[in-house]
Amino acid sequence: MLELITAVVKPHKLDDIRIALLANGVEGMTVTEVRGFGRQRGRTEVFRGSEYTVDFIPKIKVEVIVAAEVADRIVQAITDAAHTGKIGDGKVWRIDVNNLLRVRTGEQGNDAL
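Residues numbered from 1 in each chain as written. Predicted model: local features only at pLDDT ≥ 70, side-chain atom pairs only at ≥ 80, totals over all residues. Heavy atoms only, no water.

Colleague: Explain the confidence of the model for the protein chain to me, using residue names and the numbers behind them.
Modeller: Overall, the prediction assigns the protein chain a mean pLDDT of 91, with 96% of residues at 70 or greater. Mean pLDDT across the secondary structure elements of the protein chain bottoms out at strand β3 (residues 43-47), with 70, and peaks at helix α2 (residues 71-82), with 98. (pLDDT = per-residue confidence, 0-100. Helix = DSSP H or I, 4+ residues; strand = E, 2+ residues; numbered from the N terminus.)

Colleague: Give me the lowdown on the packing of aromatic side chains, citing residues and values where you can.
Modeller: Per the counting criterion, the structure on display carries one aromatic pair. With centroids separated by 5.7 Å and ring planes inclined at 50 degrees, the aromatic side chains of F37 and F56 adopt a geometry described as tilted. Taken as a pair, F37 in the loop between β2 (30-36) and β3 and F56 in the loop between β4 (50-54) and β5 (57-67) lie far apart in primary sequence, 19 residues in all. (Phe/Tyr/Trp six-rings, centres within 6.5 Å; stacked < 30°, edge-to-face > 60°.)

Colleague: A description of the sheet that holds strand β6 (residues 90-97) should follow, citing residues and the corresponding values.
Modeller: In spatial order, the strands read β2-β5-β1-β6; together these four strands make up an open sheet with antiparallel pairing. Single-partner strands in this sheet number two, and they are β2 and β6. In this sheet, neighbouring strand axes are inclined to one another by 25 degrees on average, regardless of whether the strands run parallel or antiparallel. Bridging between strand β1 (residues 2-9) and β6 involves eight bridges; their strand directions are antiparallel. Residue pairing across strands places V9 opposite G90, the latter belonging to β6. (Pairing = 2+ DSSP bridges. Axes fitted to C-alpha atoms, helices over the stretch in contact; angles between N-to-C directions.)

Colleague: I'd like a description of the pattern of salt bridges, backed by residues and values.
Modeller: In the structure shown here, the tally under the stated rule is six salt bridges. When the shortest N-O distance is used, the salt bridge between K10 and D89 registers 3.8 Å. Of this pair, K10 sits in the loop between β1 and α1 (14-23) while D89 is found in the loop between α2 and β6, placing the two residues 79 residues apart along the sequence. Each of the two residues, K10 as well as D89, counts as buried. A salt bridge links D16 to K13, with the nearest nitrogen and oxygen atoms 3.1 Å apart. Relative accessible area serves as the criterion here: at 34%, D16 is assigned to the partly exposed category. Within the structure, one salt-bridge network assembled from shared partners comprises E3, D72 and R94. (Salt bridge = Lys/Arg side-chain N within 4 Å of Asp/Glu carboxyl O. Buried < 20%, exposed > 50% of the residue type's maximum accessible area, 1.4 Å probe, protein only.)

Colleague: Go over the side chain of K13, please, and point to the residues and values.
Modeller: Along the chain, K13 turns up in the loop between β1 and α1. Ignoring any residue separated from it by four or fewer positions in sequence, one finds K13 in contact with A81, A82, H83 and T84. (Contact = heavy atoms within 4.5 Å.)

Colleague: Describe the environment of T44, listing the residues and the values that go with them.
Modeller: Checked against the element boundaries, T44 lands in strand β3. For the pair T44 and A67, spaced 23 residues apart in the sequence, the C-alpha separation amounts to 41 Å.

Colleague: Kindly report on the nonpolar core, identifying the contributing residues and their values.
Modeller: Side chains of nonpolar character tend, in soluble globular proteins, to be buried together. Membership of the largest hydrophobic core comes to 18 residues, with the highest contact counts inside it found for I5, I17, L21, V64, V66, I74 and I78. Elements with a contribution of two residues or more to this core: β1, α1, β5 and α2. No other element matches α2, which puts seven residues into this core. In this view, V66 contacts M1, L2, E3, I5, V26, A71, I74 and L113; residues no more than four positions away in its chain are not counted. (Core = buried A, V, L, I, M, F, W, Y, C linked by side-chain atoms within 4.5 Å.)

Printed below as a string of structure tokens:
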């Protein structure tokens, strides 16, 4: 069985997450620049003396597919690497993946990882 692990985190934590994933045997990941908000509902900033509200905060979405037996360890590695202790650290979630196919070779399931 496979699992898709998705994390939405602060952009400056991406390199720490990449290093943690490589150290835990993850061989690939997908990274997307996204924007959104959580409980903080955006933030207020000052630019050239004018105050304005940023409704959608820039974030990074990291996605990896791993074997189910290592998913707990990978989630913990991402969480440890992304943690700052401040508001907006992000979220991590897991979804079961029924099948995975490597397009180039036709390999399926764990062989496609």
